[in-house]
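Structural overview for review
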Amino acid sequence: MKTPFYLTPVEIEHDRRLVRRYWRQSLLRMWGALAVGVLILFSVAIGLLSSIAPATGPNTGWRWSVPLSMIWPVLIPFVGVGSMVRHRLKELTEAGTPLTAEMFSARPSRMVLSPLDPLTTYNVCTETLSGLAMGMALGYGGPAVFSYFPFHGRILIGPRRPVWLTQCTEVVVGGEPGQPVEVRIRRRFGLDFFTVQRGGALHAVESVAAHLRTQFEQRERALRAIRREQELERAALNAKLSALQAQVEPHFLFNTLANLKYLIRTDANTAQQMLDHLVGYLQNALPDMRSVSSTLERELALARSYLSIMQIRMGQRLQFRIEADDALLARPFPPAMLISLVENAVKHGLERASRPGAITITAKQLGDALCVQVIDDGVGLTEQMGQGFGLANIHERLQLLYGDKAALSVTAAEHGGVVATLAINKE
């Protein structure tokens, strides 16, 4: 039956220089193996003959001669090597693969770059190389015999023990600081060095490199997915924070404008002063109104402007004092939260009281936490205070921004009034 034209093997021609080199190296390997074997036998023979040699006599010593019949074993490798080399070249020709120097190299090598850190890279290598899939890919019929040296970042695998003796593949994890982690795979020297190389060493190195590359790509895709999920969560968090903060701004502005509207009808000069304070407040506040971060200094300045506005409205009924260490003014602080606490103190504490009152704002460092307190001497804790929008908003924003690293507490003051404490730990 005639072979279809589309199954006809592609005719290729191997590089003659590589073929000669392949034949020469294979012959030298076989001769090397024969020489080692002869040397071992010769050493054993010398030891035996020395033990039975006569101690005295005219014919002491031994005469050695090499008959021609002992030379023929040296010629055996010519026959065997030639047959194996021709068979290998025929396989490559039928497969349409040209001969390369790496195919008959006893110590080929490969390098794979890892996107992971060195420790994670080493752990991925140990998991991959000790698995059943790796042993089957190398033709071991089961998991590879495994030996590792974690302090040197080195792993050895082979079909049997001792690992280093035959068909041993070495994997070394390393690289320069600040550069991608390098994973170097190479074939170690073993007894198979003295055999005709049929591409097994190259196949082992490439199989190990392919499996490790696949694992690194899978881990990198997983890391990218995690980073993408984190970015989406961060974007959703920022959107939610902006929405919550947008609720704070009109709440404060509505109350201030309502006060201004009242003063315009009753006291034009005082209304003008309040308007000046409001314009100054907005000039400082508007650039950061949509930001999720501010500084303690800016938030204290906004609180001072707000209290100045409210002091104009309430007259002698409101006094305020702000105390803060200069070293803390540059500390990051969430925007619009302090204003909400101050507004609660005015609205639920002092405005409901029938007597003058005072508000004190303090900022100090307690351990690792920045503690900001708003203290008023008003009517104290009431049911209406807990029903307001401001405190719930602050609790939710703190949870989104800091999780368990920040807290808001509202307690009764010792001599009447309320103490609101906002504590933020260093990240």
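Calculation criteria
Residues numbered from 1 in each chain as written. Predicted model: local features only at pLDDT ≥ 70, side-chain atom pairs only at ≥ 80, totals over all residues. Heavy atoms only, no water. Pairing = 2+ DSSP bridges. Helix = DSSP H or I, 4+ residues; strand = E, 2+ residues; numbered from the N terminus. Axes fitted to C-alpha atoms, helices over the stretch in contact; angles between N-to-C directions. Buried < 20%, exposed > 50% of the residue type's maximum accessible area, 1.4 Å probe, protein only. Parallel < 35°, antiparallel > 145°, perpendicular 65-115°, else oblique. Left-handed = near helix turned anticlockwise from the far one by under 90°. Contact = heavy atoms within 4.5 Å. Nonpolar A, V, L, I, M, F, W, Y, C, P; charged D, E, K, R; others polar. Phe/Tyr/Trp six-rings, centres within 6.5 Å; stacked < 30°, edge-to-face > 60°. Lys NZ or Arg CZ within 6 Å of the ring centre and 35° of its normal. Salt bridge = Lys/Arg side-chain N within 4 Å of Asp/Glu carboxyl O. Expected span 1.5 Å × (residues − 1). Polar contact = N/O pair within 3.5 Å; in protein donor to acceptor, adjacent residues only side chain to side chain.

Section: the sheet that holds strand β4 (residues 169–174)
In spatial order, the strands read β1-β5-β4-β3-β2; together these 5 strands make up an open sheet with antiparallel pairing. Strand pairing shows two members of the sheet lacking a second neighbour, β1 (109–114) and β2 (145–149), which therefore form its edges. Across the sheet, the mean angle from the axis of one strand to that of its neighbour is 15 degrees, orientation sign disregarded.

Examining the pairing of strand β12 (residues 418–425)
Burial within β12 is extensive, with 6 of its 8 residues counted as buried. Strand direction decides the pairing type here: strand β10 (residues 369–376) and β12, joined by 8 bridges, are antiparallel. Looking at β12, one finds that I375 is bridged to V419. Across 7 bridges, strand β11 (residues 406–412) lies against β12 in antiparallel orientation. Its bridge partner lying in β12, L408 is registered against L422.

Concerning the packing of helix α7 (residues 296–314) against helix α8 (residues 337–350)
Following both chains from N to C, one finds α7 and α8 inclined at 25 degrees, their axes separated by 9 Å at the closest point. With respect to α8, the element α7 is oriented roughly parallel. Crossing of α7 against α8: the hand is right-handed. In this structure, α7 uses E299, L300, L302, A303, Y306, L307, M310 and M314 to contact α8, whose residues at the interface are L338, I339, V342, E343, V346 and L350. Considering only residue class, the contact of α7 with α8 consists of 12 nonpolar, no polar and 2 charged.

A look at the packing of aromatic side chains
Counting across every chain of the model gives 1 aromatic pair. For the pair F146 and Y148, a centre-to-centre distance of 5.7 Å together with 40 degrees between the ring planes defines the contact as tilted. Judged by relative accessible area, Y148 falls into the partly exposed class, the value being 47%. The positively charged end of R154 is found above the aromatic ring belonging to F149, 4.5 Å away from the centroid.

Some points on the pattern of salt bridges
Tallying each qualifying case throughout the model produces 8 salt bridges. With its nearest N and O atoms 3.4 Å apart, the salt bridge here joins R154 to E170. With R154 in strand β3 (residues 154–158) and E170 in strand β4, this pair connects stretches of sequence that are 16 residues apart. With relative accessibility at 23%, the residue R154 sits in the partly exposed group.

Some words on helix α3 (residues 118–129)
For α3, built from 12 residues, the straight-helix expectation of 16 Å at 1.5 Å per residue is met to within 8% by its first-to-last C-alpha distance of 16 Å. Looking at α3, one finds that the buried residues are T121, Y122, V124, C125, T126, T128 and L129. Sitting at the amino-terminal end of α3 is D117, which places a side-chain oxygen 3.2 Å from the backbone nitrogen of L119.

Considering α7
For α7, built from 19 residues, the straight-helix expectation of 27 Å at 1.5 Å per residue is met to within 8% by its first-to-last C-alpha distance of 26 Å. Positive phi shows up at G315, right after α7, with a value of about 65 degrees.

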